[in-house]
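Notes for the structure review
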Amino acid sequence: KLVAMIALMPVVFNYVFTPEISKHFVDKNQSRLTDLYVTSRNTVFLLTIPVMLFLIIYASEVMSLFGSSYINGNKVIAILLLGQLVSAYFGSTVTFLVLSNKAKWASISGIIAMGISIIIYYIFEWLGGKIEEVFLIVIFQFFWNWFCCIGVKHTLKIKVFYLV
């Protein structure tokens, strides 16, 4: 529940920026579309950092609000929150792809990311180890967002990261 509430922050920003994204895409205003992407990504990421740090540092105390049996979940919640931070860093890539009629790219990226997660799971199992499912969620989030960033860069010509 806690991570789901944190995940709402980027969703709310997506709803705020959605009309602007559509307008600039239709007008083929590439520079404004790039500015909007960078602004929304940076805003969400910078707002997410303090919330995530607070929740990671005080995970036990926050989890105890839901009952004493939830305190043991503080490591899991910290890992999920780090995954959410990764998603916030990548920005609204899926939204940009969908609103610019490139939803197929986002879908294929999700399928590939899921495949990578499954392969990693079976590699760990084959090696005799075990990887926690929560790590697989974070791995999936990373690869899906990364592939969608590549999609935004190549299909919309938006420079997603300064170094990429």
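Data block above holds the structure.
Below is a summary of the structure that appears in this document. Please read all numbers here as calculations on a predicted model, not as lab measurements.

Cut-offs applied
- Throughout, residues of each chain are indexed from 1 in the direction in which the sequence is written.
- Two thresholds apply to this predicted model, a pLDDT of at least 70 for residue-level local features and 80 or more for giving and counting side-chain atom pairs, whereas whole-chain, interface and lining totals are computed over all residues.
- Water and hydrogen atoms were dropped before computing side-chain values, which therefore reflect all heavy atoms in the structure.
- Starting at the N terminus, helices and strands are each numbered in turn, a helix being any DSSP run of H or I of at least four residues and a strand any DSSP run of E of at least two.
- Relative accessibility thresholds used throughout: buried, under 20% of the residue-type maximum; exposed, over 50%; partly exposed, between the two (1.4 Å probe, protein chains only).
- We call two residues in contact when some of their heavy atoms are within 4.5 Å.
- With residues, only the protein chains shown are counted as cover, and all accessible areas are computed by Shrake-Rupley using a 1.4 Å probe.
- Take the buried Ala, Val, Leu, Ile, Met, Phe, Trp, Tyr and Cys residues and link them wherever side-chain atoms come within 4.5 Å; each set so joined is a nonpolar core.
- Here, a disulfide means two cysteine sulfur atoms that sit within 2.5 Å of each other.
- The criterion for an aromatic pair is that two Phe, Tyr or Trp rings (for Trp, the six-membered ring) have centres within 6.5 Å, with stacked assigned to planes under 30 degrees apart, edge-to-face to planes over 60 apart and tilted to the rest.
- Lysine NZ or arginine CZ positioned within 6 Å of the ring centre and within 35 degrees of the ring normal marks a charge as sitting over the ring.

1. Examining the overall build of the protein chain
- Looking only at helices and strands, the protein chain features seven helices and zero strands.
- Seen in sequence order, the protein chain has helices and strands lined up from the N terminus as α-α-α-α-α-α-α.
- Going through the 164 residues of the protein chain one by one, you find that 38% of them count as buried.
- Sequence-distant contacts in the protein chain: of pairs separated by 6 or more residues, those separated by 24 or more amount to 75%.
- Roughly 9700 Å² of accessible area belongs to the protein chain as shown, and the carbon and sulfur atoms make up 71% of that amount.

2. Quick look at the nonpolar core
- Residues Ile21, Tyr37, Phe96, Val152 and Ile158 are the most contacted members of the largest nonpolar core, which totals 16 residues.
- Broken down by secondary-structure element, the contributors of at least two residues to this core are α1 (2-26), α2 (30-57), α5 (93-99) and α7 (133-156).
- Setting aside residues up to four positions removed in sequence, tyrosine 37 forms contacts with Phe90, Gly91, Ser92, Thr93, Phe96, Cys149, Ile158 and Val160.

3. Observations concerning the side chain of threonine 93
- Looking at the secondary structure, you find threonine 93 in helix α5.
- Classification of threonine 93 by relative accessible area gives buried; the value is 0%.
- If we ignore the near neighbours within four places in the chain, the residues touching threonine 93 are Tyr37, Asn145, Cys148, Cys149 and Val152.

4. A closer look at the state of the cysteines
- If you walk through the whole model with that rule in mind, you get zero disulfides.
- With no disulfide of its own, cysteine 148 has cysteine 149 as its nearest cysteine by sulfur position, at a separation of 7.5 Å.

5. With respect to the packing of aromatic side chains
- Tallying each qualifying case throughout the model produces 12 aromatic pairs.
- Their ring planes at 85° and their centres at 4.9 Å tell us that tyrosine 37 and phenylalanine 96 sit as a pair that is edge-to-face. You can see tyrosine 37 sitting in helix α2 and its partner phenylalanine 96 sitting in helix α5, a full 59 residues away along the chain.
- Residue class for tyrosine 37 comes out buried when judged on its relative accessible area of 0%.
- An angle of 65° between the planes, with centres 5.8 Å apart, marks the rings of phenylalanine 90 and phenylalanine 142 as edge-to-face. Here phenylalanine 90 is found in helix α4 (residues 74-90), whereas its partner phenylalanine 142 is found in helix α7, with 52 residues between them in sequence.
- Residue phenylalanine 90 is classed as buried on the basis of its relative accessible area of 5%.
- An aromatic cluster of three or more residues is present, and its members are Phe45, Tyr89, Phe90, Phe142, Phe143, Trp146 and Phe147.
- Over the aromatic face of tyrosine 89 sits the side chain of arginine 41, whose NZ or CZ is 6.0 Å from the ring centroid.

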